[in-house]
Amino acid sequence: MLSLLGLASLSIALAYADGEDITRHPLLNNSTFPIARAVEVPASATLVFHSGVVPGPLDPDAERGSRAFFGDTEAQSENVFQRLEESLGLMGLGFGDVVSMTVFLVGDPELEGRMDFAGFMNAYRRHFATEAQPNLPARSVVQIAGLAGGPNMLVEIEVIAVRRAGQQGEE
């Protein structure tokens, strides 16, 4: 008997709703971790490489570069996902069109320099592997020394999305 998640994974792996064959391969060993092992994109689709997005200020009145200015990893991740969603939307795309994601996390000083993967995942799960948006991207998360935005900026996310044949863009 297939579980609800297994059934969702199977339907995700088969195709986009409009018949465009984008295959999302689930992780091995019945893993329920919310990423795809791999994603296959047909030649008829256009790849859209979206530059990395960093967070805007959580509290613009706080001292620039302070923890209060940007927030913790979870708050920054949520902010980045909101900014990505807006940017993709302006191009006629959404999170369901994302096939690959690279996440750069800076070690959190409050976690002795370790990245806050759990904080990132809390935000990620609000946008991916949901009933409303079940399409999972292939994804990597890496810890880096720092971002160009300065101290206490802890998150940058870049994505590759797919524009299916006939899907309209911004221009």
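Shown above is the structure to which this text applies.
Keep in mind the model is a prediction, meaning the values are calculated, not measured. (Residues numbered from 1 in each chain as written. Predicted model: local features only at pLDDT ≥ 70, side-chain atom pairs only at ≥ 80, totals over all residues. Heavy atoms only, no water.)

Caption draft 1: Region of interest: the environment of A148. Here A148 shows up in the loop between strand 5 (138-144) and strand 6 (155-163). Given a relative accessible area of 90%, A148 falls into the exposed group. (Helix = DSSP H or I, 4+ residues; strand = E, 2+ residues; numbered from the N terminus. Buried < 20%, exposed > 50% of the residue type's maximum accessible area, 1.4 Å probe, protein only.)

Caption draft 2: Inspection of the environment of T102 at higher detail. Structurally, T102 can be placed in strand 4 (residues 98-106). Setting aside chain neighbours within four positions, we find T102 in contact with S140, E156, I157 and E158. (Contact = heavy atoms within 4.5 Å.)

Caption draft 3: Summary view of the nonpolar core. F81, M101, F120, Y124 and I157 are the most contacted members of the largest nonpolar core, which totals 32 residues. Secondary-structure elements contributing two or more residues to this core are strand 3 (46-53), helix 2 (67-70), helix 3 (73-90), strand 4, helix 4 (117-124) and strand 6. (Core = buried A, V, L, I, M, F, W, Y, C linked by side-chain atoms within 4.5 Å.)

Caption draft 4: Molecular detail of the side chain of R24. Position of R24 relative to the elements: it lies in strand 1 (residues 23-26). Despite its burial, R24 pairs with no opposite charge; the closest candidate is D97, at 6.3 Å N-O. At 3.0 Å, the side chain of R24 forms a polar contact with the backbone oxygen of V98. Within the structure, R24 has its side chain in polar contact with the backbone oxygen of L136 (distance 2.8 Å). (Lys, Arg positive; Asp, Glu negative; His and termini not counted. Salt bridge = Lys/Arg side-chain N within 4 Å of Asp/Glu carboxyl O. Polar contact = N/O pair within 3.5 Å; in protein donor to acceptor, adjacent residues only side chain to side chain.)

Caption draft 5: Here's a closer look at helix 4. For helix 4, the complete set of buried residues consists of G119, F120, M121, A123 and Y124. Turning to helix 4, the residues buried within the fold contact helix 3, strand 4, strand 5 and strand 6.

Caption draft 6: How the structure looks around the packing of aromatic side chains. According to the stated counting rule, one finds 10 aromatic pairs in the structure shown. Between F33 and F117, the ring centres sit 6.3 Å apart and the planes meet at 15°, which makes this aromatic pair stacked. Note that F33 is positioned in the loop between strand 1 and strand 2 (36-40) and F117 in helix 4, a separation of 84 residues in sequence. We classify F33 as partly exposed; its relative accessible area is 31%. Aromatic side chains F81 and F120 sit 6.0 Å apart centroid to centroid with 35° between the ring planes, which places their arrangement in the tilted category. (Phe/Tyr/Trp six-rings, centres within 6.5 Å; stacked < 30°, edge-to-face > 60°.)

Caption draft 7: How the structure looks around helix 3. Taking 1.5 Å of rise per residue, 18 residues should cover 26 Å, and helix 3 covers 26 Å from first to last C-alpha, within 8% of that figure. For helix 3, the full list of buried residues reads T73, Q76, S77, E78, N79, V80, F81, L84 and L88. Of the residues flanking the end of helix 3, it is G92, one or two places downstream, whose phi is positive at about 75°. (Expected span 1.5 Å × (residues − 1).)

Caption draft 8: Structural detail: the pairing of strand 5. For strand 4 and strand 5, the ladder comprises 7 bridges, and the chain directions are parallel. Bridge pairing in strand 5 links V103 to V141. Assessed by its sense of winding, the connection that carries the chain from strand 4 through helix 4 to strand 5 is right-handed. (Pairing = 2+ DSSP bridges. Right-handed = clockwise from strand over helix to strand, strands pointing away.)

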